[in-house]
Structures are given as C-alpha cells and as structure tokens.
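Working through the structure, step by step
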Amino acid sequence: MILSPERRARIRQRLEPMLKEYNADLQFNAVFVDSTREFLGVVAQLEERPVLLKFRWVDFISTSDPSLRDEIFSQLEQKLGPPERPLVKA
C-alpha cells in the first residue's frame, strides 16, 4: 500500500521526536505499509546501522503516544542496545 505524502509526514511528525529521545543521532528514513495493510514498517538508521520497526497498522493508529513510545523504545533496545542515556518514565 502506498501512503500519501500527507500521511507519511504525519507519521514522521509523530515518531521522529520519540526516535530522537531514544538517541539524538537516530535518523527517520522511511515508512511503509505492507500489501495486506496489516503492518506498518518504519526504517530508521543509527550511523551505519539500519533498523526496521514493525507495528500492526490498526494498533499504530489507535495507540496513545506514551504506549507507542514504550513500544518504540522496546524494539530499539532489542535491536540497538540500551539508549545513550537512561530513560526517565513520565
């Protein structure tokens, strides 16, 4: 499924601050939805290390920002290790 430029921009605006909070050098590269419209993929990169974050599309749309942040940080920690500075839970 091809996302409209507006939808891609809204997703980027929502996720980019969370990625930067985890690691200031983490770059948002791309976002896409699979052909079944079940999963949303986000490609980020830290230096030379690409990272693919995967979300169920329906869950992504309906998840609150604090819950989404927790999911992003969990996936990033599994793939990149601990964040550059300790995270403070709000």
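Residues numbered from 1 in each chain as written. Predicted model: local features only at pLDDT ≥ 70, side-chain atom pairs only at ≥ 80, totals over all residues. Heavy atoms only, no water.

**A word on the overall build of the protein**
- When helices and strands are counted, the protein shows 3 helices and 3 strands.
- In sequence order, the secondary structure elements of the protein are arranged as α-β-β-β-α-α.
- Dimensions of the protein along its principal axes, counting C-alpha atoms only, are 35 × 30 × 20 Å.
- Split into buried and exposed, the 90 residues of the protein put 34% on the buried side.
- For the protein, the exposed surface amounts to about 5700 Å²; the carbon and sulfur share of it is 53%. (Helix = DSSP H or I, 4+ residues; strand = E, 2+ residues; numbered from the N terminus. Buried < 20%, exposed > 50% of the residue type's maximum accessible area, 1.4 Å probe, protein only. Areas by Shrake-Rupley, 256 points an atom, 1.4 Å probe, with all protein chains shown as cover.)

**A look at the environment of serine 62**
- Here serine 62 lies in helix 2 (residues 57–62).
- By relative accessible area, which is 58% here, serine 62 ends up exposed.
- Side-chain polar atoms of serine 62 contact the backbone oxygen of valine 58, separated by 3.1 Å. (Polar contact = N/O pair within 3.5 Å; in protein donor to acceptor, adjacent residues only side chain to side chain.)

**Some words on the sheet that holds strand 2 (residues 39–46)**
- If you walk across this open sheet you meet the 3 strands as 1-2-3, and the pairing is antiparallel. Each edge of the open sheet carries a strand with a single partner, namely strand 1 (26–33) and strand 3 (49–56). The mean inter-strand angle of the sheet, taken between neighbouring strand axes irrespective of direction, is 20 degrees.
- In the packing of helix 1 (residues 5–22) onto the sheet, the strands contacted are strand 1, strand 2 and strand 3, and the crossing angle to strand 1 comes to about 145 degrees. (Pairing = 2+ DSSP bridges. Axes fitted to C-alpha atoms, helices over the stretch in contact; angles between N-to-C directions. Contact = heavy atoms within 4.5 Å.)

**Brief notes about the confidence of the model for the protein**
- Per-residue confidence for the protein gives a mean pLDDT of 90; residues scoring 70 or more make up 92%.
- Confidence, read as mean pLDDT per element, is least for helix 2 in the protein (91) and greatest for strand 3 (96). (pLDDT = per-residue confidence, 0-100.)

**Here we look at the pattern of salt bridges**
- Per the counting criterion, the structure on display carries 6 salt bridges.
- Residues joined in a network through salt bridges with shared partners are Glu21, Arg69 and Asp70. (Salt bridge = Lys/Arg side-chain N within 4 Å of Asp/Glu carboxyl O.)

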